[in-house]
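Structural description and commentary
Listed below are the residues making up each chain.
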Amino acid sequence: MRALVVQHEPDGPAGTIGTHLAARGHEVVVHQVLQRGSTESHLPFPDPTAFDVIVPLGSVHGVYEHDVIGTWIDRELTMLRTAHEAGVPVFGICFGAQAMCAALGGTVERAPAYEVGWYSYSTDLPDAIASGPWFTWHGDRCLLPAGPAELVRNELCTQAFRAGRTVGVQFHPEVTEELVGAWVAKCPPGYFASHHTTAEAVLDGFAAHGAAMHARAITLFDWFLDEVAPS
C-alpha cells in the first residue's frame, strides 16, 4: 500500500498521521510543494491514482490566494479532484481540507476570527471524531458545496466533513508538541495577543490535552482507514 502526503512547506510535516500510516503498512511518499522561502512551485504533482491514500496537509497560505500561490494551487485542486473522482481515499487536514472543499466545488474564505489553540466541537460521530479538545490553528473556513456531509462544527465553521471516500478536518490531529513549538517560535511579537491567546496557552495545552488528543487522533485515523477508505 502507498500513501501520498502532500506537504506544502518544509516545516509542515505529516507528524503522527505519517507515523501511523507507516505503522499500518503504508509506504509513505512525501511530495513537498514549496522550498524554504518560496511561494512558487512548478513541480508536477504525482498521479493520484498510483496511491491508496492521499493526505494533503496544512499551509500558511489560503486556498484563494492566487496572487501568491497561483503557480501550483490549481494543479493541486485538479489532482485532488481526480483522486476523489477515481475513488482514491483522501484525508485533508486544515489547508488540505480547504483545498478538498474547493476541489469539490465549495468555497474557502477568510473566517470572521482565528482559532489558535485548543477547542472542542459539536460532533455527529463521537466514537470516530471526538469532540476534543483538538489543536487548531487557522483563519479560513470552508463553505461546503451540495453533497458533502458536515460531521463536526462550531459557531465559526465546519470542522470536519465527508464526501464518499474523502474526509476533511479543519483542526490538526497530526501535530506534536515539538512541531507546534517550532511554529510558535517563528511567530512575530504580538501575534498571539492579536488572536486573543498566548504562546504559553498554546504550548501548555499539550501537558493538559496532548496525550488524550494523540489517542483521539489514532481513533480518527483508524476510522478513516478502516471504514471510510474501503467504502
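Notes on the structure follow. (Residues numbered from 1 in each chain as written. Predicted model: local features only at pLDDT ≥ 70, side-chain atom pairs only at ≥ 80, totals over all residues. Heavy atoms only, no water.)

Regarding the nonpolar core
The nonpolar side chains of soluble globular proteins are, as a tendency, buried together. Core analysis: the biggest nonpolar cluster contains 44 residues, and F91 and W137 have the highest contact counts within it. If we ignore the near neighbours within four places in the chain, the residues touching W137 are C94, E115, V116, H172, V180, W183, V184, C187, Y191 and F192. With 27 residues, the next largest nonpolar core counts V6, I54, I69 and V88 among its residues. (Core = buried A, V, L, I, M, F, W, Y, C linked by side-chain atoms within 4.5 Å. Buried < 20%, exposed > 50% of the residue type's maximum accessible area, 1.4 Å probe, protein only. Contact = heavy atoms within 4.5 Å.)

With respect to the environment of H31
Following the sequence through the fold, H31 ends up in strand β2 (residues 27-32). Counting along the chain gives 12 residues from H31 to L43, while the straight-line C-alpha distance between them is 9.3 Å. Excluding residues within four positions of it along the chain, H31 makes contact with L4, V5, V6, Q7, L43, P44, F45 and P46. (Helix = DSSP H or I, 4+ residues; strand = E, 2+ residues; numbered from the N terminus.)

Quick notes on the pairing of strand β9 (residues 158-163)
Taken across its six residues, β9 has five buried, putting it largely inside the fold. Pairing of strand β8 (residues 149-153) with β9, which is carried by four bridges, proceeds in the antiparallel orientation. Each bridged residue has a counterpart across the sheet, and for E150 the counterpart in β9 is F161. From the end of β8 to the start of β9, which pair antiparallel, there are four residues. Bridge count for β9 against strand β10 (residues 166-169) is four bridges, and the pairing is antiparallel. Residue pairing for β10: F161 is matched across the bridge by G168. (Pairing = 2+ DSSP bridges.)

Comments concerning the packing of aromatic side chains
Taken as a whole, this structure holds 14 aromatic pairs when the rule is applied. Between W72 and F95, the ring centres sit 6.1 Å apart and the planes meet at 50 degrees, which makes this aromatic pair tilted. Taken as a pair, W72 in the loop between α2 (66-69) and α3 (73-85) and F95 in helix α4 (residues 95-103) lie far apart in primary sequence, 23 residues in all. Through a chain of ring-to-ring contacts, three or more aromatic side chains come together here, namely W118, F135, W137, W183, Y191, F192 and F206. For the cation-ring pair, R216 lies above W134, with the distance from its terminal atom to the ring centre recorded as 5.7 Å. (Phe/Tyr/Trp six-rings, centres within 6.5 Å; stacked < 30°, edge-to-face > 60°. Lys NZ or Arg CZ within 6 Å of the ring centre and 35° of its normal.)

Comments concerning the environment of R36
When you line up the elements, R36 lands in the loop between β2 and β3 (53-56). With 27 residues separating them in the primary sequence, R36 and E9 have C-alpha atoms 7.0 Å apart. Setting aside its immediate chain neighbours within four residues, R36 contacts P10 and K186.

Some thoughts on the pattern of salt bridges
When their charged atoms lie close together, side chains carrying opposite charge are able to pair. Applying the stated criterion to the full structure yields eight salt bridges. Note that R141 is salt-bridged to E109, the shortest N-O span being 2.7 Å. Within this pair, whereas R141 is found in strand β7 (residues 134-143), its partner E109 is found in strand β5 (residues 107-119), the two being separated by 32 residues in sequence. Linked through salt bridges whose partners overlap, the residues forming this network are R24, D222 and D226. (Salt bridge = Lys/Arg side-chain N within 4 Å of Asp/Glu carboxyl O.)

Let's talk about the side chain of R216
Turning to its location among the elements, R216 is positioned in helix α7 (residues 199-228). Despite its burial, R216 pairs with no opposite charge, the nearest such side chain being D127 at 12 Å. (Lys, Arg positive; Asp, Glu negative; His and termini not counted.)

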